[in-house]
Protein chains: 2
Amino acid sequence: MFFFKLFIFLSFVSSSFSHETLLPRPLIIQYPEGIETQIHEFDEELKLQCTSWRFSAEANNLSPWKMIPEECLGYIKDYMTGRGYKMDLERVSNEAGVYAQSLELSGDGKDVWIFDIDETLLSNLPYYVEHGYGLEIFDPIEFDKWIQRGMAPAIEPSLQLYEKVLDLGFKVFLLTGRSEQHRSITIENLIKAGFRSWDKLILRDGEHQGKLATVFKSEKRSEMVEEGYRILGNSGDQWSDLLGAATSSRSFKLPNPMYYIP
Amino acid sequence: MFFFKLFIFLSFVSSSFSHETLLPRPLIIQYPEGIETQIHEFDEELKLQCTSWRFSAEANNLSPWKMIPEECLGYIKDYMTGRGYKMDLERVSNEAGVYAQSLELSGDGKDVWIFDIDETLLSNLPYYVEHGYGLEIFDPIEFDKWIQRGMAPAIEPSLQLYEKVLDLGFKVFLLTGRSEQHRSITIENLIKAGFRSWDKLILRDGEHQGKLATVFKSEKRSEMVEEGYRILGNSGDQWSDLLGAATSSRSFKLPNPMYYIP
């Protein structure tokens, strides 16, 4: 990692001392003084820039984006595989749990918590580790193969929240952009990962193919409201899980700096 | 700053070697080996925790909060007075500008951009520097005195966006939680800071005192829509500026880790 940074750094500064190149070249390369400090500063600057990018993604300030900024690959890899992502997942799960517990449910079976699936209940991180953490353009065929394996692990803090809201007496509705074709493998994967006893699993059918996720999910939430359900909580990693019509009393945005679904 | 961290760190670890205290005490205090590394690790851990807290605040995952976490005071001070805050402000202003420019306005004078005022157009950072960066419980009397001075500086990236949307032909509506009593000093402050030519300045009148900001601002936006305006952009540092009824086609959340308005 250090040598990679050194390489990047030297590519940046090479032009500034290229005029000093003389023939015959000396056998010992003299780096400019304080190069370690400069590399450190470059590193801190990149971290600042990528943190700023991640904030604007999480606060929904960015235009629809197709891939992460190239220079942030290392940053996002570190975040996703290090403690940052885990800590953020735990925090959002805890906040949601405290909120869920604070509510008095009516007891008529109409109080609902909605969960998205991918990057909310199930993690596709094993796939993205092999596919550039969002730097590669999304490949639906490759991703489909991964889904078909049914091997996505649970996001543990979400599993804890899931069990908590079930215990509290919420109806749990799963609302996902996955296609109806994936119903059986999705059920299999969910059960394998420890999820049980949901009340509805809503996938995209033919009628809703091609619609923006925001539109599809808004329509489905509106139907719930028409059926008399009260949507009290909603957990999703995309703003398209949470915004639009018939929004939840409170929404919980799980972190996801790898991809964007409009 | 180093000594402050050393102090905090020593308070944490003191219990682990207090049993070694013997009388008479030695004149030279021996710190445990690798203390610098441990302080560095403690520092990194705190940074990670406070970044995680800031994310959950910016993504609207937290329950209403009255003050920042005590242990994050140093982190938030560094963020607010360092490059992080400035960079985030510039990024959200640029994103909003690109979006504004991408729109084709109708030319009928009904296309609107809404701006909040405090921590959106005008900065109260000089006040918060003197009042613990959000660690002190909000003091309305002290804050009122600061407002009455009319000295809040412009948030420069917001001023640039403001001028851009005016140039593009948007109607600019300012929608603020400030009270009607502050109308003239607010106008004076805005003009002094470089803001001009807004089309409406909406403050809280008696009828709207005591309402949540989300409710007050939703009502005002709904009135705009009833009057035939199209709300195409909305910039605010609080989610209560952006969510609720008659929301904007796109909203831009400016950073603010210092206070929360429900």
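Residues numbered from 1 in each chain as written. Chains lettered and ligands numbered in written order. Predicted model: local features only at pLDDT ≥ 70, side-chain atom pairs only at ≥ 80, totals over all residues. Heavy atoms only, no water.

As recorded in an unreviewed UniProt entry, chain A goes by the name Acid phosphatase 1, listed as coming from Hibiscus trionum. Chain A has a UniProt comment under Function (unreviewed entry) that states "May function as somatic storage protein during early seedling development." Heading Sequence similarities (unreviewed entry) of the UniProt record for chain A holds this comment: "Belongs to the APS1/VSP family." (UniProt positions renumbered as here; feature names shortened; annotations may be inferred.)

**Thoughts on the sheet that holds strand E1 (residues 111-115) of chain A**
Residues and elements named next belong to chain A. Spatial strand order, E3-E2-E1-E4-E5: five strands in an open sheet with parallel pairing. With partners counted over all chains shown, the strands left at the sheet margins are strand E3 (200-204) and strand E5 (250-253), one partner each. With direction set aside, neighbouring strand axes in the sheet form an average angle of 20°. Inspection of the sheet shows E1 paired to strand E2 (residues 171-179) by four bridges, in the parallel sense. Each bridged residue has a counterpart across the sheet, and for phenylalanine 115 the counterpart in E2 is leucine 174. (Pairing = 2+ DSSP bridges. Helix = DSSP H or I, 4+ residues; strand = E, 2+ residues; numbered from the N terminus. Axes fitted to C-alpha atoms, helices over the stretch in contact; angles between N-to-C directions.)

**Thoughts on the state of the cysteines**
Residue and element names in this part refer to chain A. If you walk through the whole model with that rule in mind, you get two disulfides over all chains. Across the disulfide, cysteine 50 is cross-linked to cysteine 72 (sulfur-sulfur distance 2.1 Å). Looking along the S-S bond of the cysteine 50-cysteine 72 disulfide, the torsion reads about -90°, which is the left-handed sense. Placement of the pair is cysteine 50 in helix H2 (residues 35-58) and cysteine 72 in the loop between H2 and helix H3 (73-81), with a sequence separation of 22 residues. The exposure classification of cysteine 50 matches that of cysteine 72, with both residues buried. (Disulfide = S-S within 2.5 Å. Buried < 20%, exposed > 50% of the residue type's maximum accessible area, 1.4 Å probe, protein only.)

**Quick word on the pattern of salt bridges**
Overall, the coordinates contain 30 salt bridges over all chains when judged by the stated rule. A salt bridge links B:Lys253 to B:Glu58, with the shortest nitrogen-to-oxygen separation between them at 2.7 Å. With B:Lys253 in strand E5 (residues 250-253) and B:Glu58 in helix H2 (residues 35-58), this pair connects stretches of sequence that are 195 residues apart. Ionic pairing is found between B:Lys86 and B:Glu90, a salt bridge with its closest N-O pair at 3.1 Å. Of the two residues, B:Lys86 and B:Glu90 are both situated in helix H4 (residues 83-102); the distance of four residues between them amounts to about one turn of the helix. By relative accessible area, B:Lys86 is classed as exposed at 52%. Among the charged side chains, a salt-bridge network with shared partners connects A:Asp108, A:Asp111 and A:Arg230. (Salt bridge = Lys/Arg side-chain N within 4 Å of Asp/Glu carboxyl O.)

**Focus on the packing of H2(B) against helix H3 (residues 73-81) of chain B**
Residue and element names in this part refer to chain B. Between H2 and H3, the shortest axis-to-axis distance is 9 Å and the interhelical angle comes to 65°. Relative to H3, H2 is oriented roughly perpendicular. By crossing handedness, the relation of H2 to H3 is classed as right-handed. Residues Lys47, Cys50, Thr51, Trp53 and Arg54 of H2 form the contact with H3, whose participating residues are Tyr75, Ile76 and Tyr79. A class-by-class count of the residues in the contact of H2 with H3 yields five nonpolar, one polar and two charged. (Parallel < 35°, antiparallel > 145°, perpendicular 65-115°, else oblique. Left-handed = near helix turned anticlockwise from the far one by under 90°. Contact = heavy atoms within 4.5 Å. Nonpolar A, V, L, I, M, F, W, Y, C, P; charged D, E, K, R; others polar.)

**Topic: the packing of aromatic side chains**
The geometry of an aromatic ring pair is captured by two quantities: the separation of the ring centres and the angle between the planes. A full pass over the atoms with the stated rule returns 36 aromatic pairs over all chains. Relative to A:Tyr85, the ring of A:Tyr79 has its centre 5.9 Å away and its plane inclined at 65°; by these criteria the two rings are edge-to-face. In this pair, the class of A:Tyr79 matches that of A:Tyr85, namely buried. Between A:Tyr99 and A:Phe252, the aromatic rings sit 5.8 Å apart at their centres with planes inclined by 45°, giving tilted as the arrangement. In this pair, A:Tyr99 is assigned in helix H4 (residues 83-102) and A:Phe252 in strand E5, connecting sequence segments 153 residues apart. Through a chain of ring-to-ring contacts, three or more aromatic side chains come together here, namely A:Tyr99, A:Trp113, A:Phe115, A:Tyr162, A:Phe170, A:Phe195 and A:Phe252. Positioned above the aromatic ring of B:Tyr99, the side-chain terminus of B:Arg250 is 5.1 Å from the ring centre. (Phe/Tyr/Trp six-rings, centres within 6.5 Å; stacked < 30°, edge-to-face > 60°. Lys NZ or Arg CZ within 6 Å of the ring centre and 35° of its normal.)

**A closer look at helix H8 (residues 183-192) of chain A**
All names here are of chain A. The set of residues buried in H8 consists of Ile185, Thr186, Asn189 and Leu190. Buried residues of H8, seen end-on, are gathered within an arc of 135° and therefore sit on one face of the element. Among the exposed residues of H8, those pointing more than 90 degrees away from its buried face are Ser184 and Ile191. Against the buried residues of H8 lie helix H6 (140-149), E2 and E3. Of the residues flanking the end of H8, it is glycine 194, one or two places downstream, whose phi is positive at about 110°. (Arc of directions from axis to C-beta.)

**Digging into the interface of chain B and chain A**
Buried accessible area, meaning the area lost when the parts come together, often serves as the stated size of an interface. With 28 residues of chain B in contact, the opposing surface of chain A contributes 28 residues. Across the chain B to chain A interface the summed buried area is about 2,500 Å²; carbon plus sulfur atoms make up 51%. For the chain B face of the interface with chain A, the top three residues by lost area are B:Phe55, B:Asn61 and B:Arg91, together amounting to 27%. Inspection of the chain B/chain A interface yields two salt bridges. Between A:Glu45 and B:Arg83 there is a salt bridge; the shortest N-O distance is 2.4 Å. Along the contact surface separating chain B from chain A lie 18 residue pairs in polar contact (both at pLDDT 80 or more). (Buried area = accessible area lost by both parts, 1.4 Å probe. Polar contact = N/O pair within 3.5 Å; in protein donor to acceptor, adjacent residues only side chain to side chain.)

**Section: the relation of the copies chain B and chain A**
The two copies are related by a screw operation: chain B maps onto chain A through 180° of rotation and 0.0 Å of translation along the axis, at an RMSD of 0.1 Å. What we have between these two chains is a two-fold relation. Residue B:Ala59 of chain B places its C-alpha closer to the rotation axis than any other residue of that unit, at 2.5 Å. Same-surface contact between copies: 100% of interface residues of chain B are shared with the interface of chain A. (Least-squares fit on C-alpha atoms with pLDDT ≥ 70 in both.)

**Structural notes on the environment of A:Ser248**
All names here are of chain A. Relative to the assigned elements, serine 248 resides in the loop between strand E4 (230-236) and E5. Relative accessible area serves as the criterion here: at 9%, serine 248 is assigned to the buried category. Serine 248 sits 27 residues away from arginine 221 along the chain, and the two C-alpha atoms are 8.7 Å apart. With residues up to four places along the chain from it excluded, the contact list for serine 248 reads Ile231, Leu232, Gly233 and Asn234. At 3.5 Å, the side chain of serine 248 and the backbone nitrogen of asparagine 234 are in polar contact.

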